[in-house]
Amino acid sequence: MSSSSPDIPGILENSRELDRLRKEQEEVLSEINKLHKKLQASPEVVEKPGDTSLSKLKTLYTQARDLSENEYNVSHALLGQLDVLLPSGPPGQQRRRIDGSEQKRKRMKSESEISRLHPQIRNQLEAYASLKGEQVAARVTGNNAEKDEWFVVKVMQFDRETKEFEVLDEEPGDDEESSGQKKYKLPVSCIIPFPKKNDPSSVPDFPPGRHVLAVYPGTTALYKATVVSPPRKVFAGI
């Protein structure tokens, strides 16, 4: 058999040998654990005349070491045999071809996973996606921030895969580093949709004592407030 031909019988033999070595290692490891438990429960046993616990433990560790070395040698030989089966060609070309197919598989998997989602979850994702172009309340500070900051922002898009919104603060305050508009990528937990203006049924009932977010008049800043009594203005509940 030429050196470039795959050694199928040798591959199968080494695979069986690797399996045997691993099973034997598991047996030796089990014996070591049993002996460890015995010595932990009664360490004084090693001081008794004629006790061979430490000698057995040394023998077991020696077996484990030899088995591990044999496993390495067989694995190394098996890798060499499997290299012959790999397709030939420049490594860069192979890598690009694999990367392209991998990206395609990931995209197909993502699409198929969305189609298999529970209808309620799928409808929720559709509802998030439908917020594109709408104004929402957004917490722009991280979870570990000392003080939460909420603003009225515009939804630019919703990423179904990462479950993140890309939003735009159209009117940043005077203390912003840049006078231009500012974008954020925020998880679903940082977004609160506003009730629809033309749909009274979408307005939640905020009883007295309920904590809400209210908009400072003439700004896009939100502040935490407590409902005192109805009737009420439009708030984003938290």
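Each remark here, short or long, concerns the structure printed above.
Residues numbered from 1 in each chain as written. Predicted model: local features only at pLDDT ≥ 70, side-chain atom pairs only at ≥ 80, totals over all residues. Heavy atoms only, no water.

A short note on the overall build of the protein chain
Then, number 1: Along its length, the protein chain carries four helices and eight strands.
Then, number 2: Along the protein chain, helices and strands appear, N-terminal first, in the series α-α-α-α-β-β-β-β-β-β-β-β.
Then, number 3: Per-residue burial over the protein chain gives 24% buried out of 238 residues.
Then, number 4: Restricting to contacts in the protein chain with at least 6 residues of sequence separation, those with at least 24 account for 46%.
Then, number 5: As presented, the protein chain carries roughly 17400 Å² of accessible surface, and 52% of it is formed by carbon and sulfur atoms. (Helix = DSSP H or I, 4+ residues; strand = E, 2+ residues; numbered from the N terminus. Buried < 20%, exposed > 50% of the residue type's maximum accessible area, 1.4 Å probe, protein only. Contact = heavy atoms within 4.5 Å. Areas by Shrake-Rupley, 256 points an atom, 1.4 Å probe, with all protein chains shown as cover.)

Regarding the packing of aromatic side chains
Then, number 1: In total, this model carries three aromatic pairs according to the counting rule given.
Then, number 2: Ring geometry for Tyr128 and Phe158: centres 5.4 Å apart, planes at 55°, overall tilted. Residue Tyr128 is located in helix 4 (residues 119–129), and its partner Phe158 is located in strand 2 (residues 150–159); the two are separated by 30 residues in the primary sequence. Here the two residues Tyr128 and Phe158 agree in accessibility, since each one is buried.
Then, number 3: With 5.7 Å between their ring centres and 80° between their planes, Tyr128 and Phe165 make a pair best called edge-to-face. Taken together, the residues Tyr128 in helix 4 and Phe165 in strand 3 (residues 164–169) connect sequence positions 37 residues apart. Per residue, the accessibility class of Tyr128 equals that of Phe165, and both read buried. (Phe/Tyr/Trp six-rings, centres within 6.5 Å; stacked < 30°, edge-to-face > 60°.)

Overview of the nonpolar core
Then, number 1: Membership of the largest hydrophobic core comes to 16 residues, with the highest contact counts inside it found for Val136, Val153, Val155, Phe165, Val167, Leu186 and Ile191.
Then, number 2: Listed by contribution, the elements that provide at least two residues to this core are helix 4, strand 1 (135–139), strand 2, strand 3 and strand 4 (182–187).
Then, number 3: With residues up to four places along the chain from it excluded, the contact list for Val136 reads Leu131, Phe151, Val152, Val153, Val155, Ile191, Ile192, Pro193 and Phe194.
Then, number 4: Ile11, Leu57, Leu60 and Leu78 belong to the second largest nonpolar core, which has 13 residues in total. (Core = buried A, V, L, I, M, F, W, Y, C linked by side-chain atoms within 4.5 Å.)

Brief notes about helix 1 (residues 8–41)
Then, number 1: Here helix 1 spans 50 Å end to end across 34 residues, near enough to the 50 Å set by a 1.5 Å rise per residue.
Then, number 2: All of the buried residues in helix 1 are Gly10, Ile11, Asn14, Leu18, Leu21, Val28, Ile32, Leu35 and Leu39. (Expected span 1.5 Å × (residues − 1).)

Quick notes on the side chain of Ser53
Then, number 1: The residue Ser53 is located in helix 2 (residues 53–83) in this model.
Then, number 2: A relative accessible area of 2% places Ser53 in the buried class.

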